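# Structure at a glance
If you want the building blocks of each chain, they are given just below.
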Amino acid sequence: KFGKPLFITEITVPSTLGTDGEALQAEVSANLYRLWFSVPAMAGITWWNLCDGAAWGGTKGEGKNLAGLIDDRMREKPVYQALYQLIRREWNTQVRAETDAQGKAAFRGFYGTYDVVAVVGDKPQTFDIVLAKDAVNTHKMMLE
């Protein structure tokens, strides 16, 4: 309504119920990230606690919620894997395309910077392109 970017900050999703709690933390967190990622005005999400027990007050304060992405021995928790799957697999564009007779290729991808490798014969050339919101996302690459 206001035309401003939205940011979700200081996320704390506890996992204090052992293995069941870690599975629930992963499920809830993945669902929240899907919801937030679906909002067009969303500009960023900040997870608050990387490691279990390291939040304010340690294990006697906020750290007792075990809300980290990794445990106190620096091992990935299920929530880490769930968010990794979303961010690096599901929401990551990998495309292989060939140009048409006019030398054009098209793809649909998430906003961001892409490394494009164009190959003519056996000679690869690398380009960076940016897909940006509210922009004309047409890029011209001149091959040598």
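Here's a quick rundown of the structure. (Residues numbered from 1 in each chain as written. Predicted model: local features only at pLDDT ≥ 70, side-chain atom pairs only at ≥ 80, totals over all residues. Heavy atoms only, no water.)

## So, the packing of aromatic side chains
Which entries qualify depends on this criterion: Put simply, two rings from Phe, Tyr or Trp (the six-membered ring, in Trp's case) pair if the centres are within 6.5 Å, and we call them stacked under 30 degrees between planes, edge-to-face over 60, tilted for the rest. Secondary structure counts use DSSP, requiring at least four H or I residues in a row for a helix and at least two E residues in a row for a strand, with both numbered from the N terminus.
A full pass over the atoms with the stated rule returns six aromatic pairs. Judged by centre distance (6.4 Å) and plane angle (40°), the ring pair of tyrosine 33 and tryptophan 47 falls under tilted. Residue tyrosine 33 is located in helix H1 (residues 18-37), and its partner tryptophan 47 is located in strand E2 (residues 42-47); the two are separated by 14 residues in the primary sequence. Measuring from ring centre to ring centre gives 3.9 Å for phenylalanine 37 and tryptophan 91, while their planes differ by 15°; the resulting arrangement is stacked. You can see phenylalanine 37 sitting in helix H1 and its partner tryptophan 91 sitting in the loop between helix H2 (78-90) and strand E3 (112-120), a full 54 residues away along the chain. Among the aromatic side chains, those forming a connected cluster through ring pairs are Tyr33, Trp36 and Trp47.

## Notes on the packing of H1 against H2
Any two packed helices are characterised by the angle at which their axes cross and by the distance between the axes. So the rule is basically this: All axes are obtained by fitting lines to C-alpha atoms, using only the stretch in contact for helices, and the reported angles, taken between N-to-C directions, cover 0 to 180 degrees. Should an angle fall under 35 degrees it is taken as roughly parallel, and over 145 as roughly antiparallel, whereas 65 to 115 is taken as roughly perpendicular and any remaining angle as oblique. For a crossing to be left-handed, the near helix must be turned anticlockwise from the far one by less than a right angle; the clockwise case is right-handed. Note on definitions: a residue-residue contact is assigned when non-hydrogen atoms from the two residues lie within 4.5 Å. Under this grouping Gly is polar, as are all residues other than the nonpolar Ala, Val, Leu, Ile, Met, Phe, Trp, Tyr, Cys and Pro and the charged Asp, Glu, Lys and Arg.
Two elements in contact, H1 and H2, have axes whose closest approach is 7 Å; the angle formed by their N-to-C orientations is 30°. Judged by the inter-axis angle, H1 sits roughly parallel to H2. Two packed elements cross with a definite hand, and for H1 against H2 that hand is right-handed. For the pair H1 and H2, the contacting residues are Glu22, Gln25, Ala26, Ser29, Ala30, Tyr33 and Arg34 in the first and Pro78, Val79, Ala82, Leu83, Leu86, Ile87 and Glu90 in the second. For the contact of H1 with H2, the residue count by class is nine nonpolar, two polar and three charged.

## A word on the pattern of salt bridges
Heads up, the condition is: Here, a salt bridge means any Lys or Arg side-chain nitrogen found within 4 Å of an Asp or Glu carboxyl oxygen. Think of it in three bands: residues with accessible area under 20% of the maximum for their type are buried, residues over 50% are exposed, and the middle band is partly exposed, with areas taken using a 1.4 Å probe on protein chains only.
Taken as a whole, this structure holds two salt bridges when the rule is applied. With a closest N to O distance of 2.9 Å, lysine 77 and aspartate 52 form a salt bridge. Of the two residues, lysine 77 is situated in the loop between E2 and H2 and aspartate 52 in the loop between E2 and H2; the sequence distance between them amounts to 25 residues. Aspartate 52 carries the same exposure label as lysine 77, and that label is buried. Its salt-bridge partner being aspartate 71, residue arginine 75 comes within 2.9 Å of it at the nearest N-O pair. Taking the relative accessible area as the measure of exposure, aspartate 71 reaches 11% and is therefore buried.

## Re H2
Val79, Leu83 and Leu86 are the residues of H2 that are buried. Considering only its buried residues, H2 is in contact with H1 and E2.

## A few points about the pairing of strand E4 (residues 123-131)
Using the following cut-off: For two strands to count as paired, DSSP must find a minimum of two bridges between them.
The sheet contact formed by E3 and E4 spans nine bridges and is antiparallel. The residue bridging tyrosine 114 from the neighbouring strand is isoleucine 129, located in E4. The turn joining E3 and E4, which pair antiparallel and follow one another in sequence, is formed by two residues; a positive phi near 65° is taken by glycine 121.

## Some words on the side chain of glutamine 25
The line we're drawing: Between N or O atoms, a polar contact is any pair within 3.5 Å; within protein, one atom must be a potential hydrogen donor and the other a potential acceptor, and residues adjacent in sequence are included only when both atoms are from side chains.
Mapped onto the elements, glutamine 25 comes out in helix H1. Overall, the relative accessible area of 0% leaves glutamine 25 in the buried class. There is a polar contact of 3.4 Å between the side chain of glutamine 25 and the backbone oxygen of glycine 68. Those residues in contact with glutamine 25 that sit more than four places away from it in its chain are Val13, Pro14, Ser15, Trp47, Leu66, Ala67, Gly68, Lys77 and Val79.

## Re the side chain of threonine 93
Inspection of the secondary structure puts threonine 93 in the loop between H2 and E3. According to the relative accessible area criterion, threonine 93 is buried, its value standing at 17%. Of note is the side chain of threonine 93, whose polar atom sits 3.1 Å from the side chain of tyrosine 114. If we skip the residues at most four places from it in the chain, threonine 93 touches Phe107, Arg108, Gly109, Phe110 and Tyr114.

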